[in-house]
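Letter by letter, the chains look like this.
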Amino acid sequence: MLLPVIVVLTLTSSACGENPAVQVILTNKGLQYGKHLGAGLIQEKLDVVTLPDISGKVGIGIFGSVDYTLTGVTITKCDFPEPSVEFYESVTGFKMSISGLSVALRGRWMTHFGIIHDGGSFDMAIFSMDVTSVVELGRDPDGHLSITSVSCDAQVGDVDIHFHGGASWMFQPFVEHFKGRIRAIIEDNICPNVEEYIVSLEYHLQDMKVSFNVDEDFAFDLPLTSAPIIDASCMNLGLKGEFYNIKTHAEPPFEAQPFTVPEQPGYMLSVGLSEFTLNSAAYGLYSAGLLQAIINDSMIPPYIPVHLNTSSMGPFIPQLPKMYPDLLMNLQIYAREVPMFSFHPNVVKLDFQGAAKAFAIQPNGTQIPLFSLSVDSKFSSKVWIAGGRLKGSMAQDNFTLTLVASEVGPVKVDSLENLMMLGMKVVLAKVNMELGKGIVLPRTRHAELVNTVLAVEEGFIAVSSDAQVLLRDSGFN
């Protein structure tokens, strides 16, 4: 009966020696919530639990012994005390116990004495059952969370049985003689069943994915970087947290830096996300050549006074309309270096070093190189959680254009820079409108985050939250 508690607790979590980029912390508040969920799940399942048959012999003095079987045993009532679950630091796991559990059962009895067969029904009561289980959590070579039974102890205080029907009047007097055996059989079967469920749970943990495809190009790698860290108040799972290109899977030229998520005992769980995770995504995009775009005149809004054609660009490049009159232009923009995110108290910064190459398009489609610019930008943004949504705002801190080469004479870089800064203001206004709407926090069919708060710290973002879980029809056994 302790196993559903283990299931709930282990499912709240999933390259050894490396610093984790993602940390998931389960607090004692979350542990106790998981315990209540497990206890409720047990209560729901009691009505459909069928216990194994119990068989044996009972002596009837000079007549020898009678073979008996207790079958179809179901639970009719359960006095289910509050379980105890705690982090167990000495074995890096959990200690779970139930004390004073009493159960009423009903079933059928069958006897075989020579050629005589008999049967009827029975009622059984098991009093003062105590069960304690200790499990250890670890990490397997592939980064899966592992669970192992360390110890289990089960004791039954007493058993009482009443037979009905058939020749039950004959067997009832012998109850005192063989109920000790029934009690021993029950005790001997509790821990093997507990350990069987733990083995089953371990099998399912090994079958869980530690890498998830984001789309056809990218995946998110989330194996454990080390065994869980457990103390008296919380459990910390360190996860790799790296985005990578599925085709190349090239490791980024930077490593995740260590960070410590502040303890938040008032919340059930906390998640820390370091700069490495976002920067690995940026590196994957950059190394795959995806951080580039072609801007043409059809993409410029009609209300913008300057368009991508050689005549319109004349005020900034005087020789251009003379050399290539009335031609449309393309602007190729790409990242020169990997864009890098950095987290600082209350702010997220982005450093983008890009380049722009301009081309004139001849009537036959041939592109004529015109000039090249380096484009260096710095952005800062704020992120927060409100109304169950992740929201944000972005501002431009710096924008610098530098002429790299020109095939069309002098370029008025300062004037062009001012124009592009005006264009960036229009773009940022639209971006901030969308960021202000926010995106709904992740949820599943059976769980959602509630009372969620977000803080940007030095080097990482910390999200602390409670969880609301609905276990009905969730398929737990």
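Preceding this paragraph is the structure being described.
Residues numbered from 1 in each chain as written. Predicted model: local features only at pLDDT ≥ 70, side-chain atom pairs only at ≥ 80, totals over all residues. Heavy atoms only, no water.

Draft legend 1. Layout of the pairing of strand β10 (residues 218-221). The two faces of β10 match: F218 and F220 on one face and A219 and D221 on the other face are all buried. Summarising the sheet, strand β9 (residues 211-213) and β10 pair through three bridges and their orientation is antiparallel. Residue pairing for β10: N213 is matched across the bridge by A219. If you look at the hairpin formed by β9 and β10, you'll find four residues sitting between the two strands. (Buried < 20%, exposed > 50% of the residue type's maximum accessible area, 1.4 Å probe, protein only. Helix = DSSP H or I, 4+ residues; strand = E, 2+ residues; numbered from the N terminus. Pairing = 2+ DSSP bridges.)

Draft legend 2. Geometry of the sheet that holds strand β23 (residues 460-469). Pairing in this open sheet of six strands is antiparallel, and the strands run β11-β12-β1-β14-β23-β22 from one edge to the other. With partners counted over all chains shown, the strands left at the sheet margins are β11 (229-230) and β22 (447-457), one partner each. In this sheet, β23 lies alongside β22 in antiparallel orientation, the contact comprising nine bridges. When the sheet's bridge partners are listed, V456 is paired in β23 with I461. Packed onto the sheet, helix α5 (residues 275-287) meets β1 (22-27) and β14 (269-274) and runs at close to 45 degrees relative to β14. (Contact = heavy atoms within 4.5 Å. Axes fitted to C-alpha atoms, helices over the stretch in contact; angles between N-to-C directions.)

Draft legend 3. The sheet that holds β10, seen in detail. Reading across from one edge, β9-β10-β13 is the order of the three strands in this open sheet, with antiparallel pairing throughout. If you trace the sheet from one side to the other, it starts and ends with β9 and β13 (242-245), each paired once. Neighbour-to-neighbour, the strand axes of the sheet open up by a mean angle of 25 degrees, direction not taken into account. Packing against the sheet, α5 makes contact with β10 and β13, and its axis sits at approximately 5 degrees to β13.

Draft legend 4. Highlighting the pattern of salt bridges. Applying the stated rule across the entire model yields 11 salt bridges. Ionic pairing is found between K240 and E242, a salt bridge with its closest N-O pair at 3.4 Å. Since its relative accessible area comes to 0%, E242 is described here as buried. Note that R336 is salt-bridged to D376, the shortest N-O span being 3.1 Å. With R336 in the loop between β16 (328-335) and β17 (340-344) and D376 in strand β19 (residues 367-386), this residue pair connects regions lying 40 residues apart in the sequence. Look at R336 and you get partly exposed, because its relative accessible area is 29%. Put simply, D221, K240, E242 and E251 are held in one network by salt bridges that share partners. (Salt bridge = Lys/Arg side-chain N within 4 Å of Asp/Glu carboxyl O.)

Draft legend 5. Spatial organisation of the packing of aromatic side chains. The full count for this structure, using the stated rule, is six aromatic pairs. With a centroid separation of 5.8 Å and 35 degrees between ring planes, the pair formed by F87 and F94 is classed as tilted. With a relative accessible area of 1%, F94 lands in the buried category. Of the aromatic side chains, those joined through ring pairs into one cluster are F254, F276 and Y283. (Phe/Tyr/Trp six-rings, centres within 6.5 Å; stacked < 30°, edge-to-face > 60°.)

Draft legend 6. Focus on α5. The terminal C-alpha atoms of α5, which comprises 13 residues, lie 18 Å apart, in line with the 18 Å expected from a rise of 1.5 Å per residue. Every buried residue belonging to α5 is among F276, T277, N279, S280, A281, A282, Y283 and G284, and all of these are buried. Contacts made by the buried residues of α5 are with β1, β10, β13, β14 and β17. Looking at the residues trailing α5, positive phi occurs at G289, about 70 degrees. (Expected span 1.5 Å × (residues − 1).)

Geometric values such as these leave the question of function open.
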